[in-house]
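This is what each chain is made of:
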Amino acid sequence: METYPNKENLAYKKATKRVKELKGFYGNLTSYCLIIPFLLVLNLLTSPNHLWFYWPMLGWGVGLVAHGINVFGIGKDWEEKKIKELMDEERKSIKTL
């Protein structure tokens, strides 16, 4: 059994982590798309003169957008660039020793 991580193991772990992130986001999006219309209908049937459904819609929507940005946007590119930058600095400092 190999004790040192090789490129395939690291790539597999990275891919597995990415799939879990995507699965979490799509699960959150699916729940949002199912529950918010239900809350709208519930609100209109029970108290049409007092609309409250938009509060959970807005709150959850902000969280969903933040989750999407984390999974698809700013977070991933920045992390990868920073990791490469730190690894390059570490290699340079080792070479100077």
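Residues numbered from 1 in each chain as written. Predicted model: local features only at pLDDT ≥ 70, side-chain atom pairs only at ≥ 80, totals over all residues. Heavy atoms only, no water.

**Student:** Where do I start with a nonpolar patch on the surface in this structure?
**Tutor:** Side chains of Leu 44, Leu 51, Tyr 54, Trp 55 and Leu 58 sit close together on the surface and give an oily, nonpolar patch of about 490 Å² of accessible area. The element best represented in the nonpolar patch is helix H2 (residues 54–72), accounting for 3 residues. Of note, Leu 58 is situated in helix H2. (Patch = residues over 30% accessible without salt bridge, like charges linked within 9 Å, V, L, I, M, F, W, Y side chains within 5 Å. Areas by Shrake-Rupley, 256 points an atom, 1.4 Å probe, with all protein chains shown as cover. Salt bridge = Lys/Arg side-chain N within 4 Å of Asp/Glu carboxyl O. Helix = DSSP H or I, 4+ residues; strand = E, 2+ residues; numbered from the N terminus.)

**Student:** For this particular structure, what's the right way to read helix H1 (residues 7–46)?
**Tutor:** It helps to recall that an α-helix has 3.6 residues per turn; residues three or four apart then point in one direction. The end-to-end C-alpha separation of H1 is 58 Å, in line with the 58 Å expected for 40 residues at 1.5 Å each. What H1 keeps buried is the set Glu 21, Phe 25, Asn 28, Tyr 32, Ile 36, Leu 39 and Asn 43. (Expected span 1.5 Å × (residues − 1). Buried < 20%, exposed > 50% of the residue type's maximum accessible area, 1.4 Å probe, protein only.)

**Student:** What is the right way to look at H2 in this model?
**Tutor:** When the terminal C-alpha atoms of H2 are compared, their 26 Å separation across 19 residues agrees well with the 27 Å that a helix rising 1.5 Å per residue should span. Burial in H2 covers these residues: Gly 61, Leu 64, Gly 68 and Val 71. All buried residues of H2 lie within an arc of 95° about the axis, which places them on one face of the element. Of the exposed residues in H2, those oriented more than 90 degrees away from the buried face are Trp 55 and Val 62. (Arc of directions from axis to C-beta.)

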